[in-house]
Amino acid sequence: MMAFSFSPTSSSSLLHSNLNLIEKGASLPAQLGCSLICPFRHPSLARKRCALRKERKEIGHTVASITDFSVDRSIETAALLKGETWSVHKFGGTCVGTPKRIQNVAEIVVSDPSERKVVVVSAMSKVTDSMYDLIYKAQSRDESYVSALDSLYEKHKATASELLDGDVLASFLSRLHQDITNLKAMLRAIYIAGHATESFSDFVVGHGELWSAQMLSAVVNKLAVKCSWMDTRDVLVVNPTNSNQVDPDYVESEKRLEKWFSQNPASTIIATGFIASTPKNIPTTLKRDGSDFSAAIIGALFRAKQVTIWTDVDGVYSADPRKVSEAIILKTLSYQEAWELSYFGANVLHPRTIIPVMRYNIPIVIRNVFNHSSPGTTICHPSADEKQELSLNSVVKGFATIDNLALVNVEGTGMAGVPGTASAIFGAVKEVGANASSEHSVCFAVPDKEVGAVADALESRFRQALDAGRLSKIEVIRNCSILAAVGQKMASTPGVSATLFNALAQANVNIRAIAQGCSEYNITVVLKREDCIRALRAAHSIFFLSKTTLSVGIIGPGLIGGTLLDQLRDQAATLKEEFNIDLRVMGITGTRKMVLNDVGIDLSRWRELLKEESEEGDLEKFTQHVNARHFIPNTVIVDCTASSEIANNYYDWLRRGIHVITPNKKANSGPLERYLKIRELQRRSYTHYFYEATVGAGLPIISTLRGLLETGDRVLRIEGIFSGTLSYIFNNFAGERQFSEVVAEAKDSGYTEPDPRDDLSGMDVARKVIILARESGLKLELSDIPIQSLVPEPLTKCSSAEEFMQQLNKYDGEITKQRIEAANNGEVLRYVGVVDVVNNKGSVSLKRYPKEHPFAQLSGSDNIIAFTTIRYKNQPLIVRGPGAGAEVTAGGIFSDILRLASYLGAPS
């Protein structure tokens, strides 16, 4: 075919008229010949009009290029057998964006076990946009369209050269060159005219699909699977509508499909997406997202068992994952749910894609071409089991948003009972070409860019009513967004709306308008645009996150806190997978620096992050961040310090709904008034305060005491060795060993505090005694507990721990004397705390016990606590085990976190 070039004297008006003639399918003036009309005419029509015909062989069968037309030929006819033997696959532009990806698609096609298959393919990535840009440049008389078209030629030439070889490559490149030559002639015509009709544009932009389909077909044939490629303009017939959409003509399309198949019988067909023909055989497109629509129409025409849409994501998400990090892949959606999500802006499918397959109950499966292990999302009629399941999690399938809207509110007392007011309002909106989403007042949403024209039209239409006071105002509220919750049976399931609105209220989101009609598939709210993402996350979390998802803040990443973080790191995946407990550490803070994260700190790197990416420590900022919830249902702060200053915040945290877990004894052993205030707040709220590790590290001391009291037992006396450090010291203070020697050994082994006087003073044991006394109902202050200190009085004034340790051996005599006296009587020394409930008192002192007594049987750093109660009066209830060390203390804190999760609903 010859490329047409205009003479310099050709006029723009002549070109305009000729382009219009081409669009209408009329013959061109003789001087323009047939060389320009052929590219624009559908091949089947062009064969009747053009004398120039040629025959071209391609991979075992004869096909017509878009720019050349095959001679009439006799082909053995074959009947099309429709039904479930056919499957349809659609691959988008990203899937065929490179030679490697086209090869991957070909391998997917070949490995598909279906008996027969149709593969619908888009243009290579960005090619369709580039084709539209060519038209725009030509219309704008920008000569760079020539170089841009050359770039497209080089892109496809390079792709084909990498995939194909020999005669097959030569054949494709020859046709590609002819297509590019003809496109240059067409674009030149548009350039001179300064205008392109829709038919011209549709014809030009459809080339990308033709090229990709031919290349894919050649690659599939190269893999020894015989296939035909289909120019869907030969088959799909659509009727353009006045809303920039098209309606498929199924009757005519089925006739053309049967004719096409009779001439091109094959069990594997590579079909072009996006393009079709009008009833007059004028090339057109299915508009944006047209390739998905093509696949659905073809699925319906073949009555396929399934249509698989291959894309670059694992399926349909419950919300936009760019806005909601916790969004999940949905296993199934009903046709209606997918439709609703699409309508409200979710990147699922265009709503019209669902209509063809829905007619024949053909499932659509969304799958990831780069992740074959993911099963994807299946869109189909819900199964009987799904219909019966009516939990909130199953009823609400997903959320979608539409931004850049404005609300128009028309109200006035004169509207009530006046027929036709709503009709007049929406009639005025229609006159300015806006779309409204919907009798004292009428409120509706329109795109923000159209609201000015809408407001002007309404004020013009209702000027008399406004002046007379029958309408009080026409109000425009800009910068709005729509949030839609979509799911099966929403309207008939109690609690869905209440749950949604409660979630938005907790997120401090104000709702401007609400819509829920008779449809059971969506609840729609209008809100401020700046609140949209926060509202989306809040709504998503209330329906999709586990009730035992916790936002965790760790204070004090020292020895105990650091060990806890390591334990959380090691167990997080198991807890989430097996027990539905999702622990997300949102912040870690020490006294000087902290690290915060909106989605959860990577605990495999928490030390590195705290060192390299931290910011200055700020307790209030830390608290606000952790309790911002990030739309996580529950917040817990874990205080792993021994700080009174941190403990002073517990009441405020609990009052703000933050759960508190701690091994810090300062709050419960501090002023009685503060303790009682915290416990009273805890009792009248649903906020939990757990402190098991304050007394027994990892031992269940507090929980055992509470279990006794809550079941009606009465505690008479609690006596125990509460200090793992002092237990170690007195278990090893025997024979010829000196007290100072054993203390030094304990310090070197890490059993004592950096300054051993903190342990030897007995204050730590006294705090545990006062905690147990208060838990037992005694209203004692710490000052009410007599404490026998093991620190010699002169050494209390030592300026450092080192000085203390150097001087301690001078005082070994007195305590050695007590040990020897006890040994001579068959006894041992033990440092114990006592809660005497009967006499309303407590004490901490060094006491002697017979060698056969349970307290004398300890080893290492074990603790032992004996509960004497009405039930356990003759033989006390004893709890024994390790009472010191970072691992067991962190384990006790971890146990409290899991207990909190259990209280919040985790499975036992």
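Residues numbered from 1 in each chain as written. Predicted model: local features only at pLDDT ≥ 70, side-chain atom pairs only at ≥ 80, totals over all residues. Heavy atoms only, no water.

Participant: Could you give an account of the overall build of the protein, with specific residues and numbers?
Facilitator: A count of helices and strands for the protein gives 36 helices and 31 strands. Per-residue burial over the protein gives 54% buried out of 908 residues. A total of about 39300 Å² of accessible surface is found on the protein, and carbon and sulfur atoms cover 48% of it. (Helix = DSSP H or I, 4+ residues; strand = E, 2+ residues; numbered from the N terminus. Buried < 20%, exposed > 50% of the residue type's maximum accessible area, 1.4 Å probe, protein only. Areas by Shrake-Rupley, 256 points an atom, 1.4 Å probe, with all protein chains shown as cover.)

Participant: Break down the pairing of strand S21 (residues 582-589) for me, with residues and values.
Facilitator: Within a regular strand, side chains alternate between the sheet's two faces. Within S21, eight of the eight residues are buried, which leaves the element mostly enclosed by the surrounding structure. Of the crossover connections in this fold, the one passing from strand S20 (residues 549-555) over helix H21 (residues 559-579) to the parallel S21 is right-handed. Sheet topology places S21 next to strand S22 (residues 593-596); three bridges connect them, and they run antiparallel. Bridged to Thr-589 within S22 is Met-594. A loop of three residues connects S21 with S22, the two strands running antiparallel in sequence. (Right-handed = clockwise from strand over helix to strand, strands pointing away. Pairing = 2+ DSSP bridges.)

Participant: Can you tell me about unusual backbone geometry, naming the residues and giving the values?
Facilitator: For Asn-361, which is not a glycine, the phi torsion comes out positive at approximately 55°. Relative to the elements of secondary structure, Asn-361 occurs in the loop between helix H13 (351-359) and strand S13 (364-368). Residue Asn-404 is not a glycine yet carries a positive backbone phi of 60°. As for its position among the elements, Asn-404 is in strand S15 (residues 398-411). When its relative accessible area of 45% is taken as the criterion, Asn-404 is described as partly exposed.

Participant: Describe in detail the packing of aromatic side chains, supporting the description with residues and values.
Facilitator: One pair of aromatic rings is described through two measures. These are the centre distance and the angle between the planes. Using the criterion set out here, one finds 14 aromatic pairs in the structure. It is Arg-819 that lies over the ring of Phe-733; its NZ or CZ is 5.1 Å from the centre. (Phe/Tyr/Trp six-rings, centres within 6.5 Å; stacked < 30°, edge-to-face > 60°. Lys NZ or Arg CZ within 6 Å of the ring centre and 35° of its normal.)

Participant: Please provide a residue-by-residue account of the nonpolar core, values included.
Facilitator: Within the largest apolar cluster, 81 residues are counted, with the highest numbers of intra-cluster contacts made by Val-118, Ile-269, Ile-379, Phe-399 and Leu-483. Top contributing element to this core by residue count: helix H11 (residues 290-302), with eight residues. The residues contacting Val-118, other than those within four sequence positions of it, are Trp-86, Ser-87, Val-88, His-89, Ile-269, Ala-271, Ile-298 and Phe-302. In this structure, Ala-647, Leu-654, Val-660 and Cys-798 belong to the second largest nonpolar core, which totals 65 residues. (Core = buried A, V, L, I, M, F, W, Y, C linked by side-chain atoms within 4.5 Å. Contact = heavy atoms within 4.5 Å.)

Participant: Tell me what's going on with a nonpolar patch on the surface, and back it up with residues and numbers.
Facilitator: Where nonpolar side chains cluster on the molecular surface, the patch consists of Trp-339, Tyr-343 and Ile-355 and spans about 300 Å² of accessible area. The residue Trp-339 is located in helix H12 (residues 335-343) in this model. (Patch = residues over 30% accessible without salt bridge, like charges linked within 9 Å, V, L, I, M, F, W, Y side chains within 5 Å. Salt bridge = Lys/Arg side-chain N within 4 Å of Asp/Glu carboxyl O.)

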